[in-house]
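# Working through the structure, step by step
This is what each chain is made of:
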Amino acid sequence: GAADVFAMPVEWQEPAGQVVTEAMASGLAVVSARSGGIPEYLGPDGVYVDPRDTVHFADALHALVTSPTERVARGQALRTRAESMTWERNVAELMHLLAD
């Protein structure tokens, strides 16, 4: 709860990063790898890095830590995105796909 940024430098194809959605729901800016289902959850407001590129990863974290305005804006956008991820929405999207 006292964190400012959440980092998930996962190297495998994470199918559904539950911890990512929990960080989003907490209003945290998220730095993560673009792997598996993570980009579907994070969308455009996540910060994506290659987890093996330690310099870029550190730069991404540093940029958020030193820019409270960007960090808060990303965190708020991710919180809003997390709040939109409801079972009702998922079922509606599934039904739409099945109807096509």
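Everything discussed here concerns the structure shown above.
Report follows, based on the coordinates. Note that this is a predicted model, so its numbers are computed, not measured.

## Observations regarding the nonpolar core
Among the nonpolar cores identified, the biggest contains 13 residues, and Val 20, Met 24, Val 30, Ile 38 and Leu 42 are the most heavily contacted of them. Mapped onto this core, the elements with two or more residues apiece are helix H1 (18-25), helix H2 (38-42) and helix H4 (68-83). Counting eight residues, the second-largest nonpolar core is a separate cluster that includes Ala 29, Val 31, Phe 57 and Ala 60.

## Remarks on helix H3 (residues 54-65)
Compared with an ideal rise of 1.5 Å per residue, which puts 12 residues at 16 Å, H3 spans 16 Å between its outermost C-alpha atoms and is within 8% of the ideal. Here H3 has its buried residues at Phe 57, Ala 60 and Leu 64. Looking straight down H3, one finds its buried side chains confined to an arc of 60 degrees; they lie on one side. Opposite the buried face of H3, at more than 90 degrees from it, the exposed residues are Thr 54, Val 55, His 62 and Val 65. Residues of H3 that are buried make contact with strand E1 (5-8), strand E2 (29-32), strand E3 (47-48) and H4.

## Some thoughts on the sheet that holds E2
Strand order in the open sheet made by the three strands is E1-E2-E3, with parallel pairing throughout. Both edges of this open sheet fall to E1 and E3, since each of them pairs with a single strand only. Two strands pair when backbone bridges link them, and E2 and E3 are joined in this way by two bridges, in the parallel orientation. Within the sheet, the bridge partner assigned to Ser 32 lies in E3 and is Tyr 48. With respect to the sheet, H1 is in contact with E1 and E2, its orientation differing from that of E1 by roughly 170 degrees. H4 contacts E1, E2 and E3 of the sheet and is inclined by roughly 90 degrees relative to E2.

## Focus on the environment of Met 95
Note that Met 95 resides in helix H5 (residues 87-99). The exposed category is assigned to Met 95, whose relative accessible area is 51%. Spatially, the C-alpha atom of Met 95 lies 37 Å from that of Asp 4, the residues being 91 residues apart in sequence.

## A short note on the packing of H1 against H4
The interhelical angle for the contact between H1 and H4, taken along N-to-C directions, is 115 degrees, at an axis separation of 7 Å. Classed by the angle they form, the pair H1 and H4 counts as roughly perpendicular. Seen from above, H1 lies across H4 with left-handed handedness. Here Thr 21, Met 24 and Ala 25 of H1 lie close against H4, whose contacting residues are Gly 75, Leu 78, Arg 79, Arg 81 and Ala 82. Broken down by class, the residue content of the contact of H1 with H4 amounts to four nonpolar, two polar and two charged.

## Quick word on the environment of Arg 71
Counting through the fold element by element, Arg 71 comes out in helix H4. Judged by its relative accessible area of 13%, Arg 71 falls in the buried class. The sequence separation of Arg 71 and Gln 13 amounts to 58 residues, and the corresponding C-alpha distance is 26 Å. Setting aside anything within four residues of it in sequence, one finds Arg 71 in contact with Asp 4, Val 5, Ala 29, Leu 64 and Val 65. At 2.9 Å, the side chain of Arg 71 forms a polar contact with the backbone oxygen of Val 65.

What counts, and where the lines are drawn
Residues numbered from 1 in each chain as written. Predicted model: local features only at pLDDT ≥ 70, side-chain atom pairs only at ≥ 80, totals over all residues. Heavy atoms only, no water. Core = buried A, V, L, I, M, F, W, Y, C linked by side-chain atoms within 4.5 Å. Buried < 20%, exposed > 50% of the residue type's maximum accessible area, 1.4 Å probe, protein only. Helix = DSSP H or I, 4+ residues; strand = E, 2+ residues; numbered from the N terminus. Expected span 1.5 Å × (residues − 1). Arc of directions from axis to C-beta. Contact = heavy atoms within 4.5 Å. Pairing = 2+ DSSP bridges. Axes fitted to C-alpha atoms, helices over the stretch in contact; angles between N-to-C directions. Parallel < 35°, antiparallel > 145°, perpendicular 65-115°, else oblique. Left-handed = near helix turned anticlockwise from the far one by under 90°. Nonpolar A, V, L, I, M, F, W, Y, C, P; charged D, E, K, R; others polar. Polar contact = N/O pair within 3.5 Å; in protein donor to acceptor, adjacent residues only side chain to side chain.

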